[in-house]
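Here is how the chains run, residue by residue.
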Amino acid sequence: MSSTRTVGVALDGTRLTIVWRTTATAQDWRTNSVACDATAASVARAVSELTGDSGQWSMANISLMRPLANMRTLRFPRMPRSVMARVLERDWARYVIGIRATPHTVAARVVDQQHWRATFAPTETLDALATAADVHGWKNVRVLGSDDAIAMVARTLSADARDAAGVFVLVCDGDGPTDGVYLRNWEPVVGRRFAASATDDDAVAFIAAVSSEGAESQQALRASVIIIGATSRATALVRAVSTSSRRAGCVDIGAPAGASAAAIIAIAGTFGTPSLAIRSPVAQHVWRKEMRQVTRWLAGAAAAAFVLAFVIDTWSTESSLADVRAHRADISAHVARAMSAHSRVNAMTTTLATLAAREADASRASDVMTAITVTLPVGAALTTLSVSGDSVSVEGESTRSAAVYETLRTLPVLERVGLTVPVRQERQAGDVAIERFAFNARIKPAR
């Protein structure tokens, strides 16, 4: 059995169609289709039958077409996506008409502040596809709505950036238009499956209906039209939908000649990653289990990274400490000498400060008395010389008391020299006059 690199599947509730090619660049799409009413038994039977033709499905995008799966743009406030999905699943019949009254699974995505895009699909069908994937060993399977598959073609192949604001995409097989989707910002907003006998007028009516809606009219009136499918039939459809203000053109997706709409949509589903994949409860359980394993792995990796960072930080710290120890050993002798010199300087400074304090507080009486006695002028005699604290009293007699006063004033150890009592003159033997003096002074403080 040859392996398959690219596989697309389309299921509309009546048939299951598969397209495949053996290389990613080959354009020779091969297709096969079997009856399938989307029940669990029919899905298992159809998948087993088609897998034998197309080879091993390592990867496949499965597009669920209308009326099996339906897309709606709904007005709801912002809330968690899981809560929104549960709200819609409880009352799914209010929003879509399913082919069977069985529970539906909903995939929802926020469009803007007030709108959601939701895809509804039967849970039974989704579980059957998930079971088939597990049985046949499919490694990577994505389930999406046909509107999402058509939008992927427009996003991938349309080169005009103006189409992002609004664009219509029509699917056309050999008989005429089969599906139409209106995209805004490359996301499906409104979709429709045309009747089996639809004509070009039905496609024009779909475009006109969307363009007349208040919410979409401004952009839809200027939106261009992209047509995918059978080239010969699509050319006529281009002429029907083109107007003076609306551009239209065909896009070649490599569909084989005579391909059905289901085959075209199956090929469209291989053009990228869906923006709104649908997971069955079984697939969601498997996905959550895988996410838990990934979470555990990430937690383990984070713990290992923390331990590694701690070890690296500890090693870096120890290395730095070793460098510091080696440097300290290198400079220890210099530091010891510097500390010893510092101690000696401190001791000398203390001694000098002590000596200066003692010098400032020392008594200078002997120095003062000596200075006064030695410097007295000739003819002067002292009768009293006393020192009390920083005060000096000098009494005596001299032939010139003024000379004694001048001498005391010039002594560097005295200041504020002054008379204690007025000078008295006394006549001695002969004509010599003797003056008695009494001076006081202050000893200058030591520097």
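## Focus: the environment of D367
Along the chain, the position of D367 falls in helix α10 (residues 365-375). Classification of D367 as partly exposed rests on a relative accessible area of 49%.

## Considerations on the pattern of salt bridges
Taken as a whole and judged by the stated rule, the model has eight salt bridges. Of the charged contacts, one joins D200 and R233 as a salt bridge, the two residues approaching to 2.8 Å between their closest N and O atoms. Of this pair, D200 sits in helix α5 (residues 200-212) while R233 is found in helix α7 (residues 231-241), placing the two residues 33 residues apart along the sequence. Accessibility classification places D200 together with R233 in one group, the buried group. Among the salt bridges present, the one from R436 reaches E397, with a minimum N-O distance of 3.3 Å. Of this pair, R436 sits in strand β20 (residues 433-443) while E397 is found in strand β17 (residues 391-398), placing the two residues 39 residues apart along the sequence.

## As for the pairing of strand β16 (residues 380-388)
As judged from the eight bridges shared by β16 and β17, these two strands associate in the antiparallel manner. By the bridge assignment, A380 is partnered in β17 with S398. In this antiparallel pair of consecutive strands, β16 and β17, the connection spans two residues, and G389 shows a positive phi of 65°.

## Overview of the nonpolar core
Among the nonpolar cores identified, the biggest contains 30 residues, and V171, L183, I226, I228 and I253 are the most heavily contacted of them. Among the secondary structure elements, those contributing two or more residues to this core are α4 (146-157), β11 (167-172), β12 (177-184), β14 (224-229) and α8 (261-268). When residues in this core are grouped by element, the largest group, eight residues, is from α8. Judged by nonpolar contacts, the second largest core, of 29 residues, contains V7, A46, V47 and L64.

## Considering the packing of α5 against α7
It is at 10 Å that the axes of α5 and α7 come closest, and there the two elements cross at 45°. Here α5 is positioned oblique relative to α7, judged by the angle of their axes. In this structure, α5 meets α7 at a crossing whose hand is right-handed. Residues D200, A203, V204 and I207 of α5 form the contact with α7, whose own contacting residues are R233, A236, L237, A240 and V241. Residue composition of the contact of α5 with α7, by class: seven nonpolar, no polar and two charged.

Thresholds, definitions, all that
Residues numbered from 1 in each chain as written. Predicted model: local features only at pLDDT ≥ 70, side-chain atom pairs only at ≥ 80, totals over all residues. Heavy atoms only, no water. Helix = DSSP H or I, 4+ residues; strand = E, 2+ residues; numbered from the N terminus. Buried < 20%, exposed > 50% of the residue type's maximum accessible area, 1.4 Å probe, protein only. Salt bridge = Lys/Arg side-chain N within 4 Å of Asp/Glu carboxyl O. Pairing = 2+ DSSP bridges. Core = buried A, V, L, I, M, F, W, Y, C linked by side-chain atoms within 4.5 Å. Axes fitted to C-alpha atoms, helices over the stretch in contact; angles between N-to-C directions. Parallel < 35°, antiparallel > 145°, perpendicular 65-115°, else oblique. Left-handed = near helix turned anticlockwise from the far one by under 90°. Contact = heavy atoms within 4.5 Å. Nonpolar A, V, L, I, M, F, W, Y, C, P; charged D, E, K, R; others polar.

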